[in-house]
Amino acid sequence: MEVPRYDGSIHPDEWINDIQKYFKLKNINYNYFSIAKSFVDPTIISLPAEIYSFEKLSNALKEDISFTVFKNTNKRLLRVLKYIPERQNGETPKFISKFRKYCYNAEINDIEEQKNYFCHSLPNNNDNCNYNYLLEFTKRKENIKSMNDLIREFEEIVTDELNLIRNESIVALKHVATGKYLSSIENFLYTTGSKSQVAFVSSQVLGPNALWKIIFGKNRYYDPQDGDSYIYDSHSIKLQHIDSYKFLGINRVCYKSPISEHTEVSCEYYSSDWKVNHSKLENRQRYLKSNDVINLSVNKFYDNNGMHYIQGEEFLRSHDIQFTIGNDTFQEIVCHNERLGGND
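Residues numbered from 1 in each chain as written. Predicted model: local features only at pLDDT ≥ 70, side-chain atom pairs only at ≥ 80, totals over all residues. Heavy atoms only, no water.

- An unreviewed UniProt entry lists the protein under the name MIR domain-containing protein, with Rhizophagus irregularis as the source organism.

What follows is the structure in structure tokens.
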């Protein structure tokens with residue numbers, strides 16, 4: 001281990017800590033301060049003759065103008081420090097390490113000042129970043145009382161971002177009331193109504209028939225050059241069945257469902273746009289992420305006889321009503337515009 005000469009380019013306390021490690025390694029137990037002073041570059045820093053403790057040595061180094069320059073440089077480094085998300089090949093541990101190091105070097109110990117610098121380093125929607133890290137961090141600022149709190153909250157934000165639903169995410173949709181999954185079976189058709197591919201609620205065991213790809217609806221343009229784009233509350237999405245490549249929707253004719261005679265829901269090669277709404281208004285948030293509870297609604301243009309033009313919104317629902325096709329029994333899913341409840 002070699003201790004560098006002190007020239008004002010390192011924090012005095014860090015340098016003194018290295019000197020003490022050096023003494024211990026070399027088994028030096030005498031004449032500490034004379035040796036330590038000999039490592040200070042005399043062409044840059046002039047030390048008082050009477051220094052008999054590391055505390056006084058630290059104070060002397062901090063009183064020199066070189067330490068003012070050092071601190072101000074680290075404050076400037078904090079101002080230009082920017083977090084690069086991991087999806088853009090950024091490295092969160094290195095960013096956190098730099099942030100803490102610059103705060104230490106600049107002797108920024110007040111947590112409010114640290115939070116302000118941290119906010120300045122985070123990208124938002126104006127920085128070619130689809131996820132607004134600054135907004136999410138600002139929501140949590142009041143909970144942060146220490147540097148450890150700051151890092152813990154930011155780590156949760158980074159983890160949450162990985163759980164966000166994006167364009168072309170593969171998802172399963174579970175019916176809250178029964179714990180069963182929205183499903184379809186390729187080329188398995190209704191015997192009534194549209195005679196299109198059946199959509200139903202299956203067992204509580206997740207299988208390949210219950211996987212869907214989310215694709216942006218007509219009110220959301222996706223530019224691949226922008227990178228990952230997320231689904232927001234109130235966005236319109238299409239749900240494409242993975243196994244059959246068909247889309248979940250309602251027929252333009254708006255056929256009646258097999259048993260309850262509400263609007264039939266089926267899978268076709270043409271697509272319906274489903275509007276995403278968080279089910280609990282008090283918990284609404286900007287982004288949609290895994291395990292969120294949502295309602296899905298679709299615009300309906302004709303009545304269930306396909307005759308009279310109407311325009312309204314109907315919600316995707318399921319219930320305990322079952323229908324059969326051959327020897328198979330299915331739990332019905334439908335759309336209707338009655339008051340929202342536990343089956344939605």
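## A short note on the overall build of the protein
Moving on, step 1. Scanning the protein for helices and strands turns up eight helices and twelve strands.
Moving on, step 2. Summed over its atoms, the accessible surface of the protein is roughly 18,900 Å², and 47% of this surface lies on carbon and sulfur atoms. (Helix = DSSP H or I, 4+ residues; strand = E, 2+ residues; numbered from the N terminus. Areas by Shrake-Rupley, 256 points an atom, 1.4 Å probe, with all protein chains shown as cover.)

## Some points on the packing of helix α6 (residues 111–121) against helix α8 (residues 147–162)
Moving on, step 1. Remark: α6 packs on α8, axes separated minimally by 10 Å, with the N-to-C direction vectors making an angle of 30 degrees. One element, α6, and the other, α8, form an angle in the roughly parallel class. Every pair of crossing elements has a handedness; the one defined by α6 and α8 is right-handed. Of the residues in α8, those touching α6 at Ile111, Gln114, Lys115 and Phe118 are Met147, Leu150 and Phe154.
Moving on, step 2. Class assignment for the residues of the contact of α6 with α8 results in five nonpolar, one polar and one charged. (Axes fitted to C-alpha atoms, helices over the stretch in contact; angles between N-to-C directions. Parallel < 35°, antiparallel > 145°, perpendicular 65-115°, else oblique. Left-handed = near helix turned anticlockwise from the far one by under 90°. Contact = heavy atoms within 4.5 Å. Nonpolar A, V, L, I, M, F, W, Y, C, P; charged D, E, K, R; others polar.)

## Section: the pattern of salt bridges
Moving on, step 1. For the structure shown, the criterion picks out 13 salt bridges.
Moving on, step 2. As a salt-bridge pair, glutamate 107 and lysine 62 come within 3.3 Å of each other at their nearest N and O atoms. Within this pair, whereas glutamate 107 is found in the loop between α5 (92–105) and α6, its partner lysine 62 is found in helix α3 (residues 54–63), the two being separated by 45 residues in sequence.
Moving on, step 3. The class of glutamate 107 is partly exposed, set by a relative accessible area of 30%.
Moving on, step 4. One salt bridge connects aspartate 160 with arginine 140, and the closest N-O pair in it is separated by 3.2 Å. In this pair, aspartate 160 is assigned in helix α8 and arginine 140 in helix α7 (residues 133–140), connecting sequence segments 20 residues apart.
Moving on, step 5. In this structure aspartate 160 comes out as partly exposed when scored by relative accessible area, which is 25%.
Moving on, step 6. By sharing partners, the salt bridges in this structure join Arg140, Glu153, Glu156 and Asp160 into a single network. (Salt bridge = Lys/Arg side-chain N within 4 Å of Asp/Glu carboxyl O. Buried < 20%, exposed > 50% of the residue type's maximum accessible area, 1.4 Å probe, protein only.)

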